[in-house]
Amino acid sequence: MRDKILYIIGAVALILLARDMYLITGFPAEANQGAIFKIIFFHVPMAITALTCAMVAFVASILFLITKNFQYDALAVAVTEVGLAFLAGNLITGSIWGRVAWGIWWAWDARLTSALVCWLLYAGYLMLRNAIEEPTQRATFAAVFSIFAFIDVPIVIFSIKWWRTQHPQPVFWGGGSFPPDWSAVFGWQMLAILLVGVVFTAVRLRQEQFQREIDSLRRMAHAL
Amino acid sequence: MAFVRQVLVIMAKDLRAELRTKEAINASLSFALVVLLLFSFAFDPSEETTREISGGLLWIVFAFAGTLLLNRSFARELNNDCLDALISAPISGAALFLGKALANYVLVLAVELIALPLFGVFYNVRWTSQFWQLMMVIALATWGMTVTGTMFSALTVNIRLREVMLPILNFPILIPALLGAMQLTSALVAGKPIAADNDAWLKMLIGFDVMYTAVSVFLVETVLVGG
Amino acid sequence: MNAVAVEDVWKFYGDFPALRNVSLSAAPGACLALIGRNGAGKTTLLRTIAGFSRPGKGKIAIFGNSPRDTATRRLMGFIGHGISVYDELSALENLMLFGKLYGLADPKKTALEWLERTGLDRVKDGLVREFSRGMRQRLAVARAFLHSPKVLLLDEPFTALDDRAIAVLQRLLHEALSEGKTIVMSTHQLREALELATHVALLNRGQVAFHGPRTAEMVADPGWVYARYGEG
């Protein structure tokens with residue numbers, strides 16, 4: 001049953017993506033920036049998906065600490081990994097855009113820099129998990145760290161924004177304008193990428209459950 | 001009242017144990033010195049350039065040297081399973097945490113206040129013109145660094161690669177605080193007092209400290225006695 | 001009321017149950033010996049009773065209260081695998097530290113008393129790191145008894161102790177029992193433990209295989225419990 005639902009969601013996501021790609025390639029090049037402006041159809045939905053993942057990880061971590069139910073721990077690690085993948089996608093598309101628009105791969109743009117810091121924050125979460133053997137301790141410590149990281153996200157975003165405003169620089173996403181007839185496609189694209197995130201998370205969640213079963217069986221075998 | 005006394009007992013214990021051996025504080029001081037020296041090779045230490053990057057330079061030194069001290073905080077309890085005795089003692093996790101954090105705070109501040117005049121001497125910078133404001137920035141940012149560092153010292157104490165994990169976890173979390181401290185320190189060393197254009201950083205530092213102190217005190221019991 | 005009551009306690013490492021539905025109790029004045037093979041869950045159970053970690057399911061009560069209550073912790077003394085005293089502090093400083101944490105009326109006086117009882121009064125200002133193994137162990141015993149706990153939790157207390165420390169510990173434990181205090185200890189040293197124990201609990205793969213009063217058969221043949229209930 002769960003499998004079928006997953007396949008259906010995955011198929012819907014794929015169809016949506018294919019349709020969006022077809023429509024996006026058909027759009028005329030944007031007046032100021034040319035074709036590269038269309039990368040925004042991937043860049044922004046990826047960022048929003050990653051932010052959603054961070055939020056889900058935060059809630060799941062709190063729920064784990066309250067209930068000690070390992071389903072929440074599995075959810076937290078699954079969405080964090082998926083979120084990191086999407087955030088990496090966001091960083092890479094942002095960097096490609098910068099290369100074409102400004103001729104440099106990295107310009108310390110406020111949003112990209114914030115994204116990089118958040119990426120490092122959550123990469124630390126995964127490293128911390130990797131280093132802890134005992135599952136209950138791993139889940140507890142990781143949940144605490146996830147809460148620390150999530151609180152940091154708004155502080156990072158604001159502080160880096162202030163930092164950039166003190167050092168004048170070219171406005172990054174400005175100069176391009178978003179034609180109103182694009183916004184419907186943008187909405188569908190947002191949904192498609194969010195659904196891809198849901199499918200990835202579900203698959204990863206399942207792996208995490210198997211992993212826990214294997215770990216428990218191994219301990220049982222050692223105890224014999 | 002009992003709570004404050006317990007915090008002070010833990011803090012005094014940590015300081016006394018550290019000052020007996022001076023292992024961590026010596027390592028931290030020498031490290032601060034080495035990094036200060038290395039920076040002078042990285043660029044020409046003329047007065048003007050140094051002033052411009054003084055905030056960044058100082059806070060990198062402080063953060064690195066501080067990490068060495070913070071790493072020792074809970075590692076100190078590892079020998080002889082001392083943490084067991086502290087957890088079974090009738091004190092709250094919050095008192096234990098604050099005691100250790102305050103001890104770390106004193107040690108990190110001590111290293112910073114030795115490194116700061118050395119920086120002035122090596123780089124020929126007169127940094128004292130906004131002395132009290134600079135002290136306030138150092139006090140605030142160092143507390144932020146210590147409070148998250150002490151918490152992560154508890155998280156990483158039992159794990160593989162403990163020494164490496166602490167900065168990997170702590171530095172990204174600290175980026176806003178360090179960024180603010182760097183901006184303010186550069187301005188203050190250059191003789192500009194905190195004004196309307198940069199007091200947002202000061203507010204952010206205070207917010208960071210309050211927020212993470214509260215969350216740490218709230219969650220430390222979970223970390224110590226877990227699930 | 002039982003001094004120590006363990007009710008239907010489960011403890012999980014991930015999905016693996018290290019303790020499965022454990023129920024035990026010890027009345028005031030009883031000495032309960034937890035025996036069982038390595039990995040049977042003795043240390044896990046003892047540490048859960050001591051309040052180092054919370055049980056996944058079930059309840060633990062020390063004189064009716066949770067072991068995490070501050071007031072309850074004042075009643076408990078724990079000796080684990082490590083000596084739990086600081087190498088960089090002197091013997092007196094160590095005991096005074098814990099005396100203050102336990103809120104004793106006169107930490108210094110009590111600390112000096114215990115240094116004398118454990119034969120460490122002449123080296124009270126020496127740093128623990130300069131102590132011999134035996135001296136460190138006696139200091140660890142003094143640390144656990146300092147606040148006159150009503151419930152003593154001992155994890156393998158006789159393992160790794162030298163003769164003199166064993167003698168000190170046994171004298172103190174007999175004394176504690178005669179004063180109506182409660183002892184729960186996990187042990188491999190069946191002979192020493194059974195001599196002291198009033199009750200025995202055998203753990204097997206996280207479950208209680210046997211729980212009852214110590215009998216004459218057990219003292220005569222320490223392997224008896226294992227043979228009778230061990231693999232059941």
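Residues numbered from 1 in each chain as written. Chains lettered and ligands numbered in written order. Predicted model: local features only at pLDDT ≥ 70, side-chain atom pairs only at ≥ 80, totals over all residues.

### Section: the overall build of chain C
Next up, step 1: Across its full length, chain C carries nine helices and nine strands.
Next up, step 2: On C-alpha atoms alone, chain C measures out to a radius of gyration of 18 Å, which is about the 17 Å that the 2.2 N^0.38 rule sets for 232 residues.
Next up, step 3: Expressed as lengths along the three principal axes of its C-alpha atoms, the size of chain C is roughly 50 × 40 × 35 Å.
Next up, step 4: For chain C, the residues scored as buried account for 50% of the 232 residues in total.
Next up, step 5: Contacts spanning at least 24 positions in sequence make up 68% of the contacts within chain C whose residues lie at least 6 apart. (Helix = DSSP H or I, 4+ residues; strand = E, 2+ residues; numbered from the N terminus. Rg over C-alpha atoms; globule rule 2.2 N^0.38 Å. Buried ≥ 20, exposed ≤ 12 C-beta atoms within 10 Å, placed from the backbone. Contact = placed C-beta atoms within 7 Å.)

### A few points about the interface of chain B and chain A
Next up, step 1: Contact residues are listed per partner, giving 24 residues for chain B and 26 residues for chain A.
Next up, step 2: Put simply, the parts of the chain that give the side of chain B that touches chain A at least two residues each are α6 (131-156), α7 (162-189) and α8 (199-225) of chain B.
Next up, step 3: A total of nine residues in the side of chain B that touches chain A trace back to one element, the largest contributor, which is α7 of chain B.

### Regarding unusual backbone geometry
Both trends apply: most residues other than glycine have a negative phi, and most peptide bonds are in trans.
Next up, step 1: Not every positive phi belongs to a glycine, and W108 of chain A is a case in point at roughly 55 degrees.
Next up, step 2: Positionally, W108 of chain A belongs in the loop between α3 (70-102) and α4 (110-131).
Next up, step 3: On the basis of neighbour count, W108 of chain A is assigned to the partly exposed category, with 13 C-beta atoms found within 10 Å.
Next up, step 4: With a phi angle near 40 degrees, S148 of chain C is a residue other than glycine that sits in the positive phi range.
Next up, step 5: Looking at the secondary structure, you find S148 of chain C in the loop between α5 (133-145) and β6 (151-155).

### Remarks on the interface of chain C and chain B
Next up, step 1: Listed per partner, the contact involves 28 residues of chain C and 23 residues of chain B.
Next up, step 2: Put simply, the parts of the chain that give the side of chain C that touches chain B at least two residues each are α2 (70-73), β5 (76-79) and α3 (91-101) of chain C.
Next up, step 3: Counting residues per element, the side of chain C that touches chain B draws most heavily on α3 of chain C, which supplies four residues.
Next up, step 4: Each residue belonging to the side of chain C that touches chain B can be placed in one class, and the counts come to 12 nonpolar, eight polar and eight charged. (Nonpolar A, V, L, I, M, F, W, Y, C, P; charged D, E, K, R; others polar.)

### Examining the packing of helix α1 (residues 2-21) of chain B against α3 of chain C
Next up, step 1: Two elements in contact, α1 of chain B and α3 of chain C, have axes whose closest approach is 10 Å; the angle formed by their N-to-C orientations is 160 degrees. For the element pair α1 of chain B / α3 of chain C, the angle class is roughly antiparallel. For the pair α1 of chain B and α3 of chain C, the sense of crossing is left-handed. Two secondary-structure elements touch here, α1 of chain B through Q6, V9 and K13 of chain B and α3 of chain C through L97, K100 and L101 of chain C.
Next up, step 2: For the contact of α1 of chain B with α3 of chain C, the class distribution of residues is three nonpolar, one polar and two charged. (Axes fitted to C-alpha atoms, helices over the stretch in contact; angles between N-to-C directions. Parallel < 35°, antiparallel > 145°, perpendicular 65-115°, else oblique. Left-handed = near helix turned anticlockwise from the far one by under 90°.)

### So, helix α2 (residues 23-42) of chain B
All names here are of chain B.
Next up, step 1: With 20 residues, α2 should reach 28 Å at 1.5 Å per residue; the first-to-last C-alpha distance of 29 Å fits that figure.
Next up, step 2: What α2 keeps buried is the set A24, I25, S28, A32, L36 and F39. Along the axis of α2, the buried positions cluster into a sector of 105 degrees, meaning they face one direction only. Opposite the packed face of α2, turned more than 90 degrees from it, sit the exposed residues N26, S30, L37, L38 and F41.
Next up, step 3: Contacts made by the buried residues of α2 are with α1, α3 (47-75) and α5 (93-122). (Expected span 1.5 Å × (residues − 1). Arc of directions from axis to C-beta.)

### Considering the packing of α3 of chain C against helix α4 (residues 107-117) of chain C
All names here are of chain C.
Next up, step 1: Remark: α3 packs on α4, axes separated minimally by 9 Å, with the N-to-C direction vectors making an angle of 130 degrees. Relative to α4, α3 is oriented oblique. Where α3 crosses over α4, the handedness of that crossing is right-handed. Along its contact with α3, which presents A91, L92, L95, M96, G99 and K100, the element α4 presents P107, K108, T110, A111, W114 and L115.

### Looking at the sheet that holds strand β1 (residues 4-13) of chain C
In a beta sheet, neighbouring strands pair by backbone hydrogen bonds and run either parallel or antiparallel.
Residue and element names in this part refer to chain C.
Next up, step 1: Within the open sheet, the three strands sit side by side as β2-β1-β4. Their pairing is antiparallel. The open sheet terminates on both sides in strands that have one partner only, identified here as β2 (16-26) and β4 (57-62). Between one strand axis and the next, the sheet turns by 25 degrees as a mean value, whatever way the strands run.
Next up, step 2: Helix-sheet contacts for helix α1 (residues 42-49) involve β1, β2 and β4, and the interaxial angle to β1 is about 120 degrees. (Pairing = 2+ DSSP bridges.)

### Re the environment of F158 of chain A
Residues and elements named next belong to chain A.
Next up, step 1: By the element assignment, F158 lies in helix α5 (residues 135-166).
Next up, step 2: On the basis of neighbour count, F158 is assigned to the partly exposed category, with 16 C-beta atoms found within 10 Å.
Next up, step 3: On a C-alpha basis, the gap between F158 and A221 in space is 51 Å, while along the polypeptide they are 63 residues apart.

### What to know about the sheet that holds strand β7 (residues 182-186) of chain C
Residues and elements named next belong to chain C.
Next up, step 1: Strand order in this open sheet of six strands is β5-β6-β7-β3-β8-β9, and the pairing throughout is mixed. The strands lining the two open edges of the sheet, one partner per strand, are β5 and β9 (207-213). Put simply, the sheet's adjacent strands are angled 15 degrees from each other on average, direction ignored.
Next up, step 2: In terms of strand pairing, strand β3 (residues 31-36) meets β7 through four bridges, oriented parallel. When the sheet's bridge partners are listed, A33 is paired in β7 with M185.

This is a description of form; function is not addressed.
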